[in-house]
Amino acid sequence: MKEKDMSKKSVLFVCLGNICRSPMAQTVFEKIISEKGVDDKFIVDSAGLIDYHEGNKADSRMRAHAEKRGYEITHRSRPVRKSDFDKFDYIVAMDNQNIRGLNSIATTDEHRDKILRMTDYLQKQQADYVPDPYYGGPEGFELVIDLLEDACEGLFKEINK
Ligand code: 4NP
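One structure accompanies this document, and this report is about it.

Rules used in this analysis
Residues numbered from 1 in each chain as written. Predicted model: local features only at pLDDT ≥ 70, side-chain atom pairs only at ≥ 80, totals over all residues. Heavy atoms only, no water. Pairing = 2+ DSSP bridges. Helix = DSSP H or I, 4+ residues; strand = E, 2+ residues; numbered from the N terminus. Near = heavy atom within 4 Å. Polar contact = N/O pair within 3.5 Å; in protein donor to acceptor, adjacent residues only side chain to side chain. 1 Å grid on protein atoms, 1.4 Å probe; cavity = no way out; pocket = protein on both sides within 12 Å on 5 of 7 lines; lining within 4 Å. Sits in = over half its atoms within 2 Å of the grid points. Nonpolar A, V, L, I, M, F, W, Y, C, P; charged D, E, K, R; others polar. Axes fitted to C-alpha atoms, helices over the stretch in contact; angles between N-to-C directions. Contact = heavy atoms within 4.5 Å.

### Focus: the pairing of strand β3 (residues 90-93)
Turning to step 1, where the next piece is worked out: Bridge count for strand β1 (residues 9-15) against β3 is four bridges, and the pairing is parallel. When the bridges of β3 are listed, Phe13 appears paired with Val92.
Turning to step 2, where the next piece is worked out: Here β3 runs beside strand β4 (residues 115-117); their pairing, made up of three bridges, is parallel. Note that in β4 the partner of Val92 across the bridge is Leu116.

### Observations regarding the site of the ligand
Turning to step 1, where the next piece is worked out: Around the ligand, the surrounding shell consists of Cys15, Leu16, Gly17, Asn18, Ile19, Cys20, Arg21, His53, Asp132, Tyr134 and Tyr135.
Turning to step 2, where the next piece is worked out: One of the backbone N or O atoms of Cys20 is found 2.9 Å from an oxygen atom in the ligand.
Turning to step 3, where the next piece is worked out: At 2.8 Å, a side-chain N or O of Arg21 approaches an oxygen atom of the ligand.
Turning to step 4, where the next piece is worked out: Judged by the fraction of its atoms near the pocket grid, the ligand is located in the second largest pocket.
Turning to step 5, where the next piece is worked out: Tallied by class, the residues present in the shell around the ligand amount to six nonpolar, three polar and two charged.

### Description of the sheet that holds strand β2 (residues 42-48)
Turning to step 1, where the next piece is worked out: Strand order in the open sheet made by the four strands is β2-β1-β3-β4, with parallel pairing throughout. Two strands lie at the open edges of the sheet, namely β2 and β4, each paired on one side alone. If you compare each strand with its neighbour and ignore which way they point, the axes differ by 25° on average.
Turning to step 2, where the next piece is worked out: When β1 meets β2, the two strands line up parallel, connected through seven bridges. Paired with Val14 across the two strands is Ala47, which belongs to β2.
Turning to step 3, where the next piece is worked out: Packed onto the sheet, helix α4 (residues 96-105) meets β1, β3 and β4 and runs at close to 175° relative to β4.

Here's what the structure looks like:
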């Protein structure tokens with residue numbers, strides 16, 4: 001394994017398929033750090049708990065809703081790896097199922113302590129999880145972006161100290 005770059009903070013966003021919520025979260029967070037001029041201080045990535053969509057671009061509906069708000073999602077889906085728990089400082093999950101999945105991959109308390117809940121960083125809105133938009137309509141994708149814009153701002157404030 002490559003040495004961890006201790007001068008950077010690293011954030012991995014995680015959802016189930018890594019084609020809707022977590023690549024959107026990654027893209028929102030990347031825009032925030034770019035606008036604040038601190039993108040060289042962070043490593044940001046996303047991953048999924050299933051490998052079904054591995055190598056695929058984000059869902060076309062998620063990309064279309066993102067584009068309407070000025071985001072371009074370029075990430076390609078990849079599964080969470082055990083080594084991510086060594087590589088990343090913060091592993092940010094979208095819902096309870098993600099948290100259970102991550103806990104089943106984590107092998108130490110240090111790993112488990114890295115698992116965070118995205119909605120704990122909401123500043124304006126209230127939600128306990130970021131709902132999976134995959135089987136729903138357009139409003140689900142809009143809600144995902146609303147929640148992620150709010151929570152990524154909160155997460156950034158918390159970890160950019
Ligand atoms: P995501 O959405 O976890 O936000 O990427 C999903 C994408 C695909 C599936 C489920 C959720 N799926 O079952 O294939």
